Amino acid sequence: MNIRGKLIIIGGAVDKGSFTETDLDKNVSNNLNFFEAGILRRMLVESKHKENSRIEVVTTASKIPREIGPEYIKALNYLGATNVDVLHIEKREQATDPEILERLKAADVVMFTGGDQLRLTSILGGSAFHDILLDKYHNEDFIYAGTSAGAAAASNNMIYQGSSHEALLKGEVKITSGLGLIDGVIIDTHFVQRGRIGRLFQAVVGNPRTLGIGLGEDTGLLITENTKMEAIGSGLVILVNGRQIKDTNLTEIELGQPISVNNFSVHVMSKYDTYDLKTHVMSIHSSQYT
């Protein structure tokens, strides 16, 4: 299938409005500073009409949408994008509102904020909004951008719960269906800062065909044609490939018991590195061997 749209998935920063946060920074604008020079700029460059692109910010995942939405507008305005507005979709019935659907149809970029990815899927999943979103991604020069919860929800399978320190105990990582823009991957965010590699290990060992993607903060992936991934931002992207797994005890142990795995393949990407989801080949941009 020829996918015309682009995905930009971002690991997040301090995740305002998320139920997982215990120490919320009251200065929301500081949480968006990491976008300004790098990732948001790249989003505008990749968009259909650059700074003139019509951008809608979707705050559904956040529990404080009225606070976070204006901060995205300010950050984008700072970069020269002025055709920006916020879609506050807080109830499922709003995902079928004709005015909201027309705004989605007119958008060149939709930016999904952080928060709780279950709010995204439970409010938008299977709605007219979701159908239009998928159609635009498949058939138009369109960008789906998501940070934190917005990134985690982009794939078919989505991690929605699981502590980092208990992640390699059977059953500790909870997975459900995401928004389904991309298949064959599962995405975790705030990855390096919160030590979530165990969560990704468990997600991949359960289905080794799925590539685990761990996004660090101030870090993202630009995905084109649903297969070509480029690391953007200042941090690290961790990829966990389970296709070469030789053995595991996953089906032999009880819930809550430690999982053993033999022969994971792990890659670390930084800015400008690329990875092909068809061939599973990674290319290092500044390789010491070229």
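Residues numbered from 1 in each chain as written. Predicted model: local features only at pLDDT ≥ 70, side-chain atom pairs only at ≥ 80, totals over all residues. Heavy atoms only, no water.

**What to know about the pattern of salt bridges**
- Per the stated rule, a full pass over the model turns up 14 salt bridges.
- Where E46 meets K6, a salt bridge forms, and the shortest distance between an N and an O atom there is 2.7 Å. Linking E46 in helix α1 (residues 28–46) with K6 in strand β1 (residues 6–10), this pair joins segments that are 40 residues apart in sequence.
- The exposure class of K6 is buried, given its relative accessible area of 17%.
- Of the charged contacts in the structure, one is a salt bridge between E56 and R103, with a shortest N-O distance of 2.8 Å. One end of the pair, E56, is in strand β2 (residues 55–58); the other, R103, is in helix α3 (residues 98–106), and 47 residues separate them in sequence.
- What makes E56 buried here is its relative accessible area of 0%.
- Residue classification places R103 among the partly exposed residues on the basis of a relative accessible area of 21%.
- Salt bridges sharing common partners tie together K6, R42, E46 and E230. (Salt bridge = Lys/Arg side-chain N within 4 Å of Asp/Glu carboxyl O. Helix = DSSP H or I, 4+ residues; strand = E, 2+ residues; numbered from the N terminus. Buried < 20%, exposed > 50% of the residue type's maximum accessible area, 1.4 Å probe, protein only.)

**Focus on the environment of D273**
- With respect to the helices and strands, the residue D273 is situated in the loop between β15 (265–269) and β16 (274–276).
- Spatially, the C-alpha atoms of D273 and E230 are 5.7 Å apart, while their sequence positions differ by 43 residues.
- If near-sequence neighbours (up to four positions away) are discounted, D273 is found in contact with M229, E230, A231, V268, M282, S283, I284 and H285. (Contact = heavy atoms within 4.5 Å.)

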